[in-house]
Amino acid sequence: MVKVLLGIPRIGPPPALLRVALAVSCIARAHAADNVPSDATRALAEQHNCMACHCVTHRMLAPSFRQIAAHYAHQPDASVRLQRKIIDGGAGTWGNAPMPANTQITDAQAAALAAWILQLR
Ligand code: HEC
């Protein structure tokens with residue numbers, strides 16, 4: 001009984017959101033597909049699983065990084081806003097699907113990720 005109770009969260013299927021995200025993950029697609037060279041910030045995005053939901057070029061569950069860059073192109077405070085959203089997560093800007101919080105990401109890392117995304121236009 002104890003084993004069953006404890007075992008369910010670990011052996012059960014992942015939450016639907018994650019399952020969908022992983023099934024169509026951008027990780028599976030080669031970098032060549034989006035023509036964005038590898039660099040330290042891209043590596044950071046991959047390490048923190050951003051590419052499980054976001055592609056650079058096309059929308060999946062989440063907006064593509066290029067869509068985000070275009071959306072905020074004329075907003076001077078975009079980098080601060082995106083830096084906060086990367087750490088705190090949230091929903092409602094692009095639809096109902098939530099962006100999970102990333103409390104393990106530092107302010108400096110989030111700032112680097114936001115700047116990297118915003119220059120991807
Ligand atoms: C589980 C899927 C998932 C993961 C993993 C994920 N995101 Fe998101 N992200 C989303 C969704 C969904 C949205 C749209 C949220 C909304 O509509 O407000 C989003 C939105 C964003 C936005 C735009 C925010 C806005 O307010 O316009 C940025 C920037 C972003 N994500 C960056 C990242 C970075 C960087 C990572 C990795 C640290 C990451 N995301 C990981 C799903 C994800």
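Please read these numbers as outputs of a predicted model, since none were measured by experiment. (Residues numbered from 1 in each chain as written. Predicted model: local features only at pLDDT ≥ 70, side-chain atom pairs only at ≥ 80, totals over all residues.)

A word on the overall build of the chain
Counting secondary structure elements, the chain contains 6 helices and 0 strands. Counting helices and strands in the order they occur from the N terminus, the chain gives α-α-α-α-α-α. (Helix = DSSP H or I, 4+ residues; strand = E, 2+ residues; numbered from the N terminus.)

Overview of the site of the ligand
Lining the immediate surroundings of the ligand are 30 residues, of which Cys50, Cys53, Thr93, Trp94 and Met99 lie closest. Elements with a minimum of two residues in the shell around the ligand: helix H2 (16-23), helix H5 (78-88) and helix H6 (107-118). When residues of the shell around the ligand are assigned to their parent elements, the largest contribution, 3 residues, is made by H5. Residues that form the shell around the ligand fall into these classes: 21 nonpolar, 8 polar and 1 charged. (Near = placed C-beta within 6 Å. Nonpolar A, V, L, I, M, F, W, Y, C, P; charged D, E, K, R; others polar.)

As for the nonpolar core
Of all hydrophobic cores here, the largest spans 17 residues; its most connected members are Ile86, Leu113, Ala114 and Ile117. No other element matches the 4 residues that H6 contributes to this core. Residues contacting Ile86, with those up to four places away along its chain left out, are Asn102, Ile105, Ala110, Leu113 and Ala114. (Core = buried A, V, L, I, M, F, W, Y, C linked by C-beta atoms within 7 Å. Buried ≥ 20, exposed ≤ 12 C-beta atoms within 10 Å, placed from the backbone. Contact = placed C-beta atoms within 7 Å.)

Thoughts on the packing of helix H3 (residues 40-47) against H6
In contact at an axis separation of 10 Å, H3 and H6 are set at 110° when each is read in the N-to-C sense. It follows that H3 is roughly perpendicular to H6 by the angle criterion. Where H3 crosses over H6, the two elements pack in a sense that is left-handed. Two secondary-structure elements touch here, H3 through Thr41, Arg42, Leu44 and Ala45 and H6 through Gln109, Ala112, Leu113 and Trp116. Grouping the constituent residues of the contact of H3 with H6 by class yields 5 nonpolar, 2 polar and 1 charged. (Axes fitted to C-alpha atoms, helices over the stretch in contact; angles between N-to-C directions. Parallel < 35°, antiparallel > 145°, perpendicular 65-115°, else oblique. Left-handed = near helix turned anticlockwise from the far one by under 90°.)

A few points about the confidence of the model for the chain
Any region with low pLDDT has predicted coordinates that should not be read closely. Here the chain shows a mean pLDDT of 82. Residues at 70 or above account for 73%. No element of the chain has a lower mean pLDDT than helix H1 (residues 2-11), which averages 48, and none a higher one than H5, which averages 98. Below pLDDT 50 for its whole length, residues 1-9 participates in 0 contacts with residues either more than four positions away or in separate chains. (pLDDT = per-residue confidence, 0-100.)

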